[in-house]
Structures are given as structure tokens and as C-alpha cells.
Amino acid sequence: MPNELRKGQVLNLALATTAFAVTFWAWNLIGPLAGSYSKQLGLSPPQTSLLVAIPVLVGSLGRIPVGVLTDKLGGRVMFAAVCFVTIVPVLGVGLSDSYGWLLLWGFLLGLGGTSFAVGIPFVNAWYRPERRGFATGVFGMGMGGTAVSAFLTPRLVESFGRTQTHVLMAVLLAVMGVVILLFSRDSPEWRPATTSALPRIREAVKIKATWQCAFLYAVCFGGFVAFSTYLPTLLQVVYGYTQTDAGLRDAGFSLAAVFARPVGGTLSDRIGAARVLLVSFAGTAIMAVVLAFEPPPEIPAGLCFVLMALFLGLGTGGVFALVAKLVEPSRVGTVTGLVGAAGGLGGYFPPLVMGVVYSVTQAYTIGYLLLALTALAALFYTGKAFISASRNGDGPAPR
């Protein structure tokens, strides 16, 4: 069995990461184009924020049933299903010409964001416990699909048009789904869950680690999602960038977080996830305070955004290294769904808050300060729940 595991690890990790990136690209189709939608439809800042945030809602809550189904049906089937189902809202968004239709199809576009709850248990089953931090960190690089979207989507729309760009995305999803069915397979150590969904969810809810990781992930991954979806709008409003230039800088932000995620997972395997999370939340709080003063563009502001992304990326890798260590494999899919939902919801509300804050104060200062306070709360909770507990003999610091 160990030899069989080793033979399939690289291929299946690569396929899972690629499928995650493609579905996340689809999930983030609206954010990079929010500026053009706002001008075309005459939207207010809160309306634009709602349009950007709406796919995050289904992408968050949908992870709960998708995680449960992954425990039952396996990652191979569920990855393909998410790819195929997401084609419909992708085409719907591309054909929409009113705010109401964009909200409806954008809501359903969130289905693409549920793939995260498929990949974590799928990848976990292929790796031994001591390597799961690394494996989930590499898989997490698939969230770079948001960077691909930020960079390519505006350029494709400029070159081919919005409808044609969405048709290309639909074709890519179809191809990815077929590739998954033909070339991926579930780990030989994976066993389908035999109990019904509701009892498994109830059991996962009773696990203390579920709530701990849900809170921490809501802060770090929620922060990443909020910035990656709303940053193009923020950069256009505050610094006057064009939609394409803002998309390029948003891509840089997303890539920094993407590359930091496997580093966070690998460091968690070596020094402990709790210590990685302490660094993540401390750095996030500091960068949020600096950005609250709206530093000049490029070097001061750009550097702060990149550092913010690096700290958030470290945290996302650390949290799921924590899940892999604290939760038994048979429950990882369900717990991942719940934790992933919390992370997505953490990214749903900040764009709405930022839109309201700006419409009232004509600045984003309050929004940044709220992020800093939230990161500090996560910092102190991590120290108390994991570091202090291990020192007091209540349990080992998660590694």
C-alpha cells in the first residue's frame, strides 16, 4: 500500500491543484470586471460591493454539503461534478446585461468556490500525516486561480469581448472535468463514508477543532478572498488605476498569497501550525494599520499589499495543517466543508463593509482598522488555545 500511495501522489496532487485553480478562476470572474460593471450599470459603491461579494456566499456555504458528498462519493467524482455544474453560471454571467441577472448568476457562480472542500480530503488521503501540511499547502496554491482571473480576465475581455471570454472559461471547465475523470483516482486508502450526512455534520460540529479552525480560517482565508475580489475596485477608487492595471496588481497580490500557502503548510510540519499562525496574524495586523494611512502607490502601498498577502497565505497553509493533525481522516471532508465555509464567509462580509465605509466616509480607514483588530483577536486566541495550552500541560502544540 505505501508503494501504491507514492506512485499516485504527484499526479493526483497536480490534477487536484489544477482543477482547484480552474474552478477558482471561474469563481472570481466578476471581481476583476467590477469597475466596468459599475460604470456600465451606474452602480453605487455598496451595489458594486454586493456584486463582488455575492459569489463568495454560495462558494462558502456550498462547501458544507460538498464536503459531506466528498466523504461519500470521493474527490474524483466531486471535482468533475463541480467543473461541469459551474459551466452554467459562467455562461449566465457572460450573457447578463442587467444588475438583477448579474446578481442571480453571480450567486450561482459561487459553485466554483466549493471545490476547496473536495480537494483537501482528496489530497489528505494520498499522504501520510507527517506530509499533509506540505500536501494541503501545495494544493492550496490552486487559489492562484484568482490571480489568473485578475490578470487574464480583463485582457481577454478587451481582446475578445465579455461573452466570448465566458464561453472560453466554460470550455476550460469542461476540459478540466473530463481530464479529472480520465486521469485522476481516489487514494487506495480512501473509504467512502457509510453514515448519512446529517449525523456526520453533527459529529463534526461537536469537534472542538472544527470551531477553532473555522475561526482562524475565517480570518486568514477570508482576508485573502476579500482582498483578491475587492482589491481591483479599491485600487481604481483610491489610486486611480485603470481596470487592467488594477487587475495586474491584484494578480500580484494573489500570487504572493499562493506561494506563501505551501510555505505555511511546510513550516507547520516542522515548527508547528500554531507558531505559523502567530506570525501570520501579527503581520496581517501590522500591514492593515499601515494601509489605513493610504500610503503612496507602488513601493509603499504595493509592498504593504504584497506583505499582507504573504502573511495571509502563511495562515491559510497553517490552518489546514492544523486540521490534518487534529481531525481523523474519515471526518476530514466534513470538517473541511465547515471550516472552508467559515473561510469563505470571512471573505463575504469585508467587501460589503468596505463599500459602506467608503460611501459614508469617502475613505477605507475604518475597514483596515477593523481588519487589524480582527487579526489581533485571532493572534491572542491562537496563543491562548494552542501555545499556552501546551505549556500548561493541556495538550501538545499542534504540529
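Residues numbered from 1 in each chain as written. Predicted model: local features only at pLDDT ≥ 70, side-chain atom pairs only at ≥ 80, totals over all residues. Heavy atoms only, no water.

**So, the packing of aromatic side chains**
Here is step 1: Inspection of every chain in the model, using the stated rule, returns 20 aromatic pairs.
Here is step 2: Considering the side-chain rings of Phe24 and Phe221, the 6.4 Å spacing of their centres and the 45 degrees angle between planes classify their relative orientation as tilted. Here Phe24, found in helix α1 (residues 2-27), pairs with Phe221, found in helix α12 (residues 208-239); they are 197 residues apart in sequence, far enough to count as distant. Each member of the pair, Phe24 as well as Phe221, is classed as buried.
Here is step 3: Taking 6.4 Å as the distance between ring centres and 25 degrees as the angle between the ring planes, the aromatic pair formed by Phe227 and Tyr368 counts as stacked. Note that Phe227 is positioned in helix α12 and Tyr368 in helix α17 (residues 365-391), a separation of 141 residues in sequence. (Phe/Tyr/Trp six-rings, centres within 6.5 Å; stacked < 30°, edge-to-face > 60°. Helix = DSSP H or I, 4+ residues; strand = E, 2+ residues; numbered from the N terminus. Buried < 20%, exposed > 50% of the residue type's maximum accessible area, 1.4 Å probe, protein only.)

**Digging into unusual backbone geometry**
Here is step 1: Phi is positive for Glu294, close to 50 degrees, though the residue is something other than glycine.
Here is step 2: Position of Glu294 among the secondary structure elements: in the loop between α14 (273-292) and α15 (299-326).
Here is step 3: Given a relative accessible area of 35%, Glu294 falls into the partly exposed group.
Here is step 4: Positive phi values are uncommon outside glycine, yet Gln362 reaches one of about 60 degrees.
Here is step 5: For Gln362, the position within the fold is in the loop between α16 (332-361) and α17.

**Examining the packing of α12 against α15**
Here is step 1: For the pair α12 and α15, interaxial distance at closest approach is 9 Å and the crossing angle is 155 degrees. Our classification of the angle between α12 and α15 gives roughly antiparallel. Viewed along their axes, α12 and α15 form a crossing whose handedness is left-handed.
Here is step 2: By residue class, the composition of the contact of α12 with α15 is 22 nonpolar, three polar and no charged. (Axes fitted to C-alpha atoms, helices over the stretch in contact; angles between N-to-C directions. Parallel < 35°, antiparallel > 145°, perpendicular 65-115°, else oblique. Left-handed = near helix turned anticlockwise from the far one by under 90°. Nonpolar A, V, L, I, M, F, W, Y, C, P; charged D, E, K, R; others polar.)

**A look at the confidence of the model for the chain**
Here is step 1: Scored by pLDDT, the chain comes out at a mean of 88, with 96% of its residues at no less than 70.
Here is step 2: The spread of mean pLDDT over the elements of the chain runs between helix α8 (residues 132-140), the lowest at 82, and helix α10 (residues 162-183), the highest at 97.
Here is step 3: Confidence over residues 393-397 falls short of pLDDT 50; this stretch has seven contacts with residues more than four positions distant or in other chains. (pLDDT = per-residue confidence, 0-100. Contact = heavy atoms within 4.5 Å.)

**Digging into the environment of Pro300**
Here is step 1: Take Pro300: it is sitting in helix α15.
Here is step 2: Here Pro300 falls in the partly exposed class, since its relative accessible area comes to 34%.
Here is step 3: When the C-alpha positions of Pro300 and Gly8 are compared, they lie 45 Å apart, and in sequence the two are 292 residues distant.

**A word on the side chain of Gln236**
Here is step 1: Note on placement: Gln236 falls in helix α12.
Here is step 2: A polar atom in the side chain of Gln236 sits 3.0 Å from the backbone oxygen of Pro232.
Here is step 3: Excluding residues that lie within four positions of it along the chain, Gln236 makes contacts with Gly35, Tyr241, Thr242, Gln243 and Ala246. (Polar contact = N/O pair within 3.5 Å; in protein donor to acceptor, adjacent residues only side chain to side chain.)

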